[in-house]
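Each chain is listed here by its residues.
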Amino acid sequence: MGESVKAGAGVDGAPRRIVMTPGARRALDAASRLFYERGIHTVGVDLIAAEAGITKKTLYDRFGSKEQIVVEYLAARDERWRAFLAPYVEAATTPRARILAVFDASRDWADVNSGKGCSMVNAHAEISDPAHPAYQVITGQKAWMLALFTDLARELAPRRAARLGRALMLLHEGGLVAHGLHIFPDAIGHARGEAAALLKGAAPAVDPGR
């Protein structure tokens, strides 16, 4: 490999990551677009290299394998999503509003970045083998979302946090999938409405939120 590994990569079972050069970044940008639009299995390294304007040898020098490109693609999407979400939650002033802010962020994110649905859900449809290095990225992202909803629910209803967190996660993920399928308009907004109704009975004398 022509790239060094990021500090801490591969420790405690975390997927290995690489340090990006400008050439690697161009390749990743091309791969990310192609993987999301066409699917991971249908996109080969020859196409990625051609789209990035580099040779296949350079691509392998940078990443080592297609599997590593997939890891970088999904991990970068997750990092971007978390950075996108943070200000929504931070700006909310009540426990209920913080929960609903996740749905607001998802709706805004999906409008720009996820016309074909959740990249993690889509990737899992193609990568179901736990031995694949990207599998940990996919499942880890969803575990993080469940932990987020559970932590936010704990602020509102401490005794029901685990159950409420799972219910919110199910509504959120269902909204993402329905959005990607385009079965009915504003699926994530609909999921938000159901979440708001669920939260009304979550704890006594809760604030009205947003």
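Residues numbered from 1 in each chain as written. Predicted model: local features only at pLDDT ≥ 70, side-chain atom pairs only at ≥ 80, totals over all residues. Heavy atoms only, no water.

J.: I keep staring at helix α9 (residues 187-200) and nothing clicks. Help me out?
T.: Given 3.6 residues per helical turn, the α-helix brings residues three or four places apart onto the same face. Here α9 spans 20 Å end to end across 14 residues, near enough to the 20 Å set by a 1.5 Å rise per residue. Taken as a whole, α9 has its buried residues at Ala187, Ile188, Gly189, Ala191, Arg192, Ala195, Ala196 and Leu199. Turning to α9, the residues buried within the fold contact α5 (95-113), α7 (135-156) and α8 (161-181). (Helix = DSSP H or I, 4+ residues; strand = E, 2+ residues; numbered from the N terminus. Expected span 1.5 Å × (residues − 1). Buried < 20%, exposed > 50% of the residue type's maximum accessible area, 1.4 Å probe, protein only. Contact = heavy atoms within 4.5 Å.)

J.: What's the story with α7 in this structure? I'm lost.
T.: Taking 1.5 Å of rise per residue, the 22 residues of α7 would be expected to cover 32 Å, and the 32 Å separating its terminal C-alpha atoms lies within 8% of that figure. Here α7 has its buried residues at Tyr135, Val137, Ile138, Gln141, Lys142, Met145, Leu148, Phe149, Thr150, Leu152, Ala153 and Leu156. Contacts made by the buried residues of α7 are with α4 (66-91), α5, α6 (119-126), α8 and α9.

J.: Just to check I follow, could you spell out the environment of Arg154 for this structure?
T.: Counting through the fold element by element, Arg154 comes out in helix α7. In this structure Arg154 comes out as partly exposed when scored by relative accessible area, which is 42%. Put simply, Arg154 and Glu173 are 19 residues apart on the chain and 20 Å apart in space, counted from C-alpha to C-alpha.

J.: What am I meant to see in the packing of α4 against α6 here?
T.: Between two packed helices, what matters for the description is the angle formed by their axes and the separation of those axes. Remark: α4 packs on α6, axes separated minimally by 10 Å, with the N-to-C direction vectors making an angle of 155°. Comparing their axes, α6 and α4 come out roughly antiparallel. Between α4 and α6 lies a crossing whose hand is left-handed. Here α4 contributes Tyr73, Leu74, Arg77 and Asp78 to the contact with α6, which in turn contributes Ser119, Met120 and Ala123. Split by residue class, the contact of α4 with α6 holds four nonpolar, one polar and two charged. (Axes fitted to C-alpha atoms, helices over the stretch in contact; angles between N-to-C directions. Parallel < 35°, antiparallel > 145°, perpendicular 65-115°, else oblique. Left-handed = near helix turned anticlockwise from the far one by under 90°. Nonpolar A, V, L, I, M, F, W, Y, C, P; charged D, E, K, R; others polar.)

J.: Would you mind going over the packing of aromatic side chains with me for this structure?
T.: The geometry of an aromatic ring pair comes down to the distance between the two centres and the angle between the two planes. Summed over the entire model, instances satisfying the criterion amount to six aromatic pairs. For the pair Trp81 and Trp109, a centre-to-centre distance of 5.8 Å together with 70° between the ring planes defines the contact as edge-to-face. Of this pair, Trp81 sits in helix α4 while Trp109 sits in helix α5; the two residues are 28 residues apart in sequence, bridging distant segments of the chain. By relative accessible area, which is 6% here, Trp81 ends up buried. Clustering of aromatic rings is evident, with ring pairs tying together Trp81, Phe84, Tyr88 and Trp109. Against the face of Tyr36 rests Arg77, its NZ or CZ located 4.7 Å from the ring centre. The side chain of Arg82 reaches across the aromatic face of Trp144, ending 4.2 Å from its centre. (Phe/Tyr/Trp six-rings, centres within 6.5 Å; stacked < 30°, edge-to-face > 60°. Lys NZ or Arg CZ within 6 Å of the ring centre and 35° of its normal.)

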